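# A closer look at the structure
Take a look at the letters that make up each chain.
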Amino acid sequence: MPEEGIVSPLPSQRALGDLVTDVLREMITGGRFQPGQHLRESQLADALRVSRGPIRQALARLEVEGHVELRRHRGAFVSTLTTADVEEVHTLRGAIERLAASRACTRMQGEGFAEMDAVLEQMKLVDTKPDPEDAALLDLRFHDIIYAYCDHVRVQRVWASIRGQIMVFLRARNASFPDFLEVGHIEHLELRNALALGDPQAAQDAIDKHISGAYERLKRLNLPNQ
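Residues numbered from 1 in each chain as written. Predicted model: local features only at pLDDT ≥ 70, side-chain atom pairs only at ≥ 80, totals over all residues. Heavy atoms only, no water.

### Some thoughts on the layout of surface pockets
- When its volume is computed, the largest pocket comes out at roughly 600 Å³.
- Lining the largest pocket are 28 residues, with Ser79, Thr80, Leu81, Val168 and Phe169 sitting closest to its centre.
- The set of elements that each furnish at least two residues to the lining of the largest pocket consists of α1 (13-29), α4 (83-104) and α7 (153-176).
- At seven residues, the largest contribution of residues to the lining of the largest pocket is made by α7.
- Each residue belonging to the lining of the largest pocket can be placed in one class, and the counts come to 14 nonpolar, 11 polar and three charged.
- Each pocket or cavity is described by its volume, and for the second largest pocket that value is around 210 Å³.
- Around the second largest pocket, the lining is made up of 15 residues, and of these Arg25, Thr29, Arg163, Gly164 and Met167 lie nearest the centre.
- Going through the elements one at a time, α1, α6 (132-148) and α7 are the ones with two or more residues in the lining of the second largest pocket.
- The dominant element in the lining of the second largest pocket, judged by the number of residues it contributes, is α7, at five residues. (1 Å grid on protein atoms, 1.4 Å probe; cavity = no way out; pocket = protein on both sides within 12 Å on 5 of 7 lines; lining within 4 Å. Points joined across faces, edges and corners; volume = space filled by probe spheres on them. Helix = DSSP H or I, 4+ residues; strand = E, 2+ residues; numbered from the N terminus. Nonpolar A, V, L, I, M, F, W, Y, C, P; charged D, E, K, R; others polar.)

Laid out in structure tokens, this is it:
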């Protein structure tokens with residue numbers, strides 16, 4: 001037998017499932033797979049060089065997150081963005097982000113605002129029309145800071161569960177309304193300054209104003225109702 005410690009243990013099936021989930025989620029949110037596209041287990045397993053077990057685990061988790069639709073006897077398909085999806089995710093995001101902002105504004109202090117300022121500087125330096133995905137990532141990175149400082153584990157878990165869907169929404173919004181250069185930095189700066197007041201009500205009002213604009217743009221997309 002080889003000496004203990006010489007041979008590294010193989011990743012467990014669960015750990016491998018987590019890794020496959022992360023890879024497939026990134027491919028979906030990044031636009032590598034198109035809405036409605038059939039995700040065939042055998043092809044995914046061959047491409048990622050894993051068995052079908054981790055693929056099935058990943059697809060089941062991505063269905064819970066809203067990225068994938070599992071159809072009986074037909075397999076997995078990338079979810080199609082609908083007006084109902086947009087409305088549900090927007091209202092859920094509004095509820096949790098109002099709470100997160102009202103708590104974070106009294107907890108962030110200097111370090112948190114320094115992190116926000118670093119993201120704002122990146123937004124400010126964008127001088128040409130950014131890729132829709134790059135703009136969405138900058139947007140989410142800013143909002144991640146609010147959740148990181150809200151000191152509320154359950155709110156953070158809900159955010160993590162819908163973050164990927166919001167990435168898809170923002171990417172669609174940025175592709176159809178490429179106005180990040182005009183509104184990206186200034187709107188997030190306004191939100192940052194409202195949070196700096198340390199007033200929970202002001203923070204909630206700022207969140208309402210901030211995310212309503214993106215929602216109004218998404219509603220103008222030609223999306224199916226169901």
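More follows now that the structure is in view.
### So, unusual backbone geometry
- Notably, Gln109 is not glycine yet its phi reads approximately 60 degrees, a positive angle.
- In this structure, Gln109 sits in helix α5 (residues 109-125).
- Judged by its relative accessible area of 54%, Gln109 falls in the exposed class.
- A positive phi is found at Asp151, a non-glycine position, where the angle reads about 55 degrees.
- Take Asp151: it is sitting in the loop between α6 and α7. (Buried < 20%, exposed > 50% of the residue type's maximum accessible area, 1.4 Å probe, protein only.)

### Comments concerning the pattern of salt bridges
- A complete count under the given rule lists 14 salt bridges for this structure.
- Here Arg56 makes a salt bridge to Glu41, at a shortest N to O gap of 3.1 Å. In this pair, Arg56 sits in helix α3 (residues 52-65) while Glu41 sits in helix α2 (residues 41-48), placing the two residues 15 residues apart along the sequence.
- Overall, Arg56 belongs to the partly exposed group, its relative accessible area being 44%.
- Where salt bridges share partners, they join Asp22, Arg25 and Glu65 into one cluster. (Salt bridge = Lys/Arg side-chain N within 4 Å of Asp/Glu carboxyl O.)

### Structural notes on the pairing of strand β2 (residues 68-71)
- With four bridges connecting them, β2 and strand β3 (residues 75-78) associate as antiparallel partners. By the bridge assignment for β3, Leu70 is matched with Ala76.
- Counting the residues in the hairpin turn of β2 and β3 gives three residues, including His73, whose phi is positive at 65 degrees. (Pairing = 2+ DSSP bridges.)

### Digging into the sheet that holds β2
- In space, the three strands of this open sheet follow the order β1-β3-β2, with antiparallel pairing throughout. Because the sheet does not close on itself, it has two edges, and the strands there are β1 (38-39) and β2.
- The strands that α3 touches are β1, β2 and β3; relative to β2, the one it contacts most, it runs at about 115 degrees. (Contact = heavy atoms within 4.5 Å. Axes fitted to C-alpha atoms, helices over the stretch in contact; angles between N-to-C directions.)

### Observations regarding empty space enclosed by the protein
- As enumerated under the stated definition, the model contains two cavities of 30 Å³ or more in all.
- In terms of lining residues, the largest cavity is bounded by 16 residues, among which Asp139, Arg173, Glu187, His188 and Ala214 are the most central.
- Mapped by element, the contributors of at least two residues to the lining of the largest cavity are α6, α7, α8 (180-195) and α9 (200-219).
- Classifying every residue of the lining of the largest cavity by side-chain character gives five nonpolar, six polar and five charged.

### What to know about the nonpolar core
- By size, the foremost hydrophobic cluster in this structure holds 44 residues, and its most contacted members are Met116, Phe142, Ile146 and Leu195.
- Listed by contribution, the elements that provide at least two residues to this core are α4, α5, α6, α7, α8 and α9.
- Among the elements that make up this core, the one with the highest residue count is α6 (eight residues).
- Setting aside its immediate chain neighbours within four residues, Met116 contacts Met108, Phe142, Ile145, Ile146, Arg192 and Leu195. (Core = buried A, V, L, I, M, F, W, Y, C linked by side-chain atoms within 4.5 Å.)

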